[in-house]
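Overview (structure and organization)
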Amino acid sequence: MSRAKPCRAKLGGVPRRIVRVTEQTAPAPETTDDIPEQMRVRREKRDRLIADGGEAYPVTVPRTHEIAEVKEQYAGLEDGEETQDVVGVAGRVVFIRNTGKLCFASVQDGTGERLQIMLSLAEVGEESLAAFKSTVDLGDHLFAKGRAIKSRRGEVSVFASEWAIAAKSLRPLPTLHKDLAEDTRVRQRYVDLIARPLARDTVRNRAKLNRSLRESLHSRGFIEVETPMLQTQPGGAAARPFVTHMNAYDIDLYMRIAPELFLKRAAVGGIEKVFEINRNFRNEGADSSHSPEFSMLEAYEAYGNYDTMAELTQSLVQGAADDIFGTQVVTLADGSEYDLSGTWRTISMYDSLSEALGEEITPATTVERLQQLADRFEVSVDPKRVNHGKLVEELWEHHLGDTLHQPTFVRDFPVETSPLTRDHRTKDGVVEKWDLYVRGFELATAYSELVDPVIQRERFEQQARMAAQGDDEAMTLDEDFLTAMEYAMPPSGGMGMGIDRLLMALTGLGIRETILFPLVKPTED
RNA sequence: GGGCCUCUAGCUCAGUCGGUAGAGCAGCGGACUUUUAAUCCGUAGGUCGUGGGUUCGAGCCCCACGGGGCCCA
């Protein structure tokens, strides 16, 4: 990693190697013959522009209109009709055509809206036209000032009398008519955003989603807070954390795996309807539905329970679909439709598993019997984590997990796997928890929260025994959290929902498409 | 963790049986005053992911490693 090697600029990729620049490794001065032709040419154009007294990156250009404004305002012109209205517009050049004494360029703004610029010899003169041809490349930000017209072919255009580079691009744009390779899309999302409409839409849909969720929660009287991401003790979920180190106190810290224990502290303090939308970090695998960092909504409502949370969750999701797409029957990326409307189905975990197995499974079913069933169906559970609850959940997931296409609440979980959930008010051995399944994956979960600090301590002690047996996902006893709970948290319902997964559910995209800049493994070459 | 597929020009991709590396777009030079993936003429561009091996000869066959994807656990 510290080899002194001249850094050969690659046109296609980002510089992937991470090199600490020291006196030994300081890159050799870049020579123009060391970089690919298209970059070299663009650098020379930049240099020439500046040498001739111009600017390749002016501080501003006198823009008077957004692209959409011009298109809208002059849409009614006849083909070939010209106005005397002078507008100043700017955008990234995505199309260029030179027919000799007349040039066309289309500029695009961040929304993907495009506007045609026309430059004619008669209007700008020989020198300006020649300079345009020799200076402007695909990918540059271009400013043009001129009359608004409609071309003979019927396209609203700016008939330029002046033009200027607004920002010179030193790298060529990819072919805009083909999608980038999936890896490049993710590694160079900024190029993907320039090239691919769906990439742009996804960013905006995600913003709409966050806004919709926040507005729905605010309108119900929930207060948004931010709780620690750096924690001295990770908790609130069964997951392996990322570990980091704080120099000032010389202690290890953990990136949070869930905000739960802090939101409950807030609830103890009287923030009785509280939520947070933020990132969690889990040091586990990465695949098409898991990202090591992911966004999550958690909400707690005093005097609520898992039934009110189900109502809240359904309403948040349906509201988001309405706000983003104007319908609760969404169209997915593969063209299929997905219906989120109505009241969602509810099933019981034990009943649905019993039905699938053709044998009654209850909280009283022995570990031995469950293990036999697991063996028969080749469901493997880490021996360090074997207990009644784990086996029931694994068997359930094996038989039913990906069969739940329509939105479905799965209710009443075994107690071992839900240490933060209160016991069911009438059924022995299960807790008041549901998981929401949508299109075969888990989207959200909610509890009637366990608020009895004595039972909570026992549950933590149980987890500690599981950790001692080698379960590295077992929760640790959080003394500070228990102290808070001993001041009494009001009876509450709590819910957590994956934001990335919600966007996946609403769009049919993979998780790496819903995250703007997902973590990618650096290459070493 | 296991299996399969994949990595070639700036981008997207071909590349036959192992015999001197190809196309489209974009680039460079030229023609064209209504193009919109324009057309025409000319031209440049490659450490074939990396490292080994087999071979007279490897983009192609073998091994290892790296990146990505899909399926399974």
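Before reading further, recall that the structure is shown in the block above.
About the thresholds
Residues numbered from 1 in each chain as written. Chains lettered and ligands numbered in written order. Predicted model: local features only at pLDDT ≥ 70, side-chain atom pairs only at ≥ 80, totals over all residues. Heavy atoms only, no water. Salt bridge = Lys/Arg side-chain N within 4 Å of Asp/Glu carboxyl O. Helix = DSSP H or I, 4+ residues; strand = E, 2+ residues; numbered from the N terminus. Buried < 20%, exposed > 50% of the residue type's maximum accessible area, 1.4 Å probe, protein only. Near = heavy atom within 4 Å. Polar contact = N/O pair within 3.5 Å; in protein donor to acceptor, adjacent residues only side chain to side chain. Nonpolar A, V, L, I, M, F, W, Y, C, P; charged D, E, K, R; others polar. Axes fitted to C-alpha atoms, helices over the stretch in contact; angles between N-to-C directions. Parallel < 35°, antiparallel > 145°, perpendicular 65-115°, else oblique. Left-handed = near helix turned anticlockwise from the far one by under 90°. Contact = heavy atoms within 4.5 Å.

Following the criterion strictly, the structure yields 37 salt bridges and no others. For Arg265, the salt bridge is made with Asp478, and the minimal N-O distance between the two is 3.5 Å. One end of the pair, Arg265, is in helix H8 (residues 260-268); the other, Asp478, is in the loop between helix H13 (453-468) and helix H14 (479-486), and 213 residues separate them in sequence. You can call Arg265 buried: its relative accessible area is 17%. Of the charged contacts in the structure, one is a salt bridge between Lys427 and Asp412, with a shortest N-O distance of 2.8 Å. Taken as a pair, Lys427 in the loop between strand E15 (408-414) and strand E16 (430-438) and Asp412 in strand E15 lie far apart in primary sequence, 15 residues in all. On the basis of relative accessibility, which here comes to 40%, the residue Lys427 falls in the partly exposed class. You can call Asp412 buried: its relative accessible area is 4%. Each of Glu182, Arg185, Arg189, Asp192, Arg196, Arg512 and Glu513 takes part in one network of salt bridges that share partners.

In the vicinity of RNA strand B lie 40 residues, with Lys45, Phe95, Arg97, Arg153 and Lys521 positioned nearest. Sugar and phosphate atoms constitute 60% of the interface atoms of RNA strand B, taking the interface as everything within 4 Å of the protein. Between RNA strand B and the protein, one listed contact pairs a base oxygen with a side-chain N or O atom of Glu155 at 2.8 Å. Among the secondary structure elements, those contributing two or more residues to the surface near RNA strand B are helix H1 (37-51), strand E1 (82-98), strand E2 (102-108), strand E3 (114-120), helix H3 (121-124) and helix H5 (182-187). Here the surface near RNA strand B is built from residues that sort into 14 nonpolar, twelve polar and 14 charged.

At a minimum axis separation of 9 Å, H13 and H14 run at an interaxial angle of 160 degrees. Considered as vectors, H13 and H14 are oriented roughly antiparallel to each other. Between H13 and H14 lies a crossing of right-handed hand. Of H14, the residues touching H13 (which contributes Pro453, Gln456, Arg457 and Phe460) are Glu479, Phe481, Leu482, Met485 and Glu486. Its residues placed into classes, the contact of H13 with H14 shows five nonpolar, one polar and three charged.

None of this, on its own, says anything about what the molecule does.
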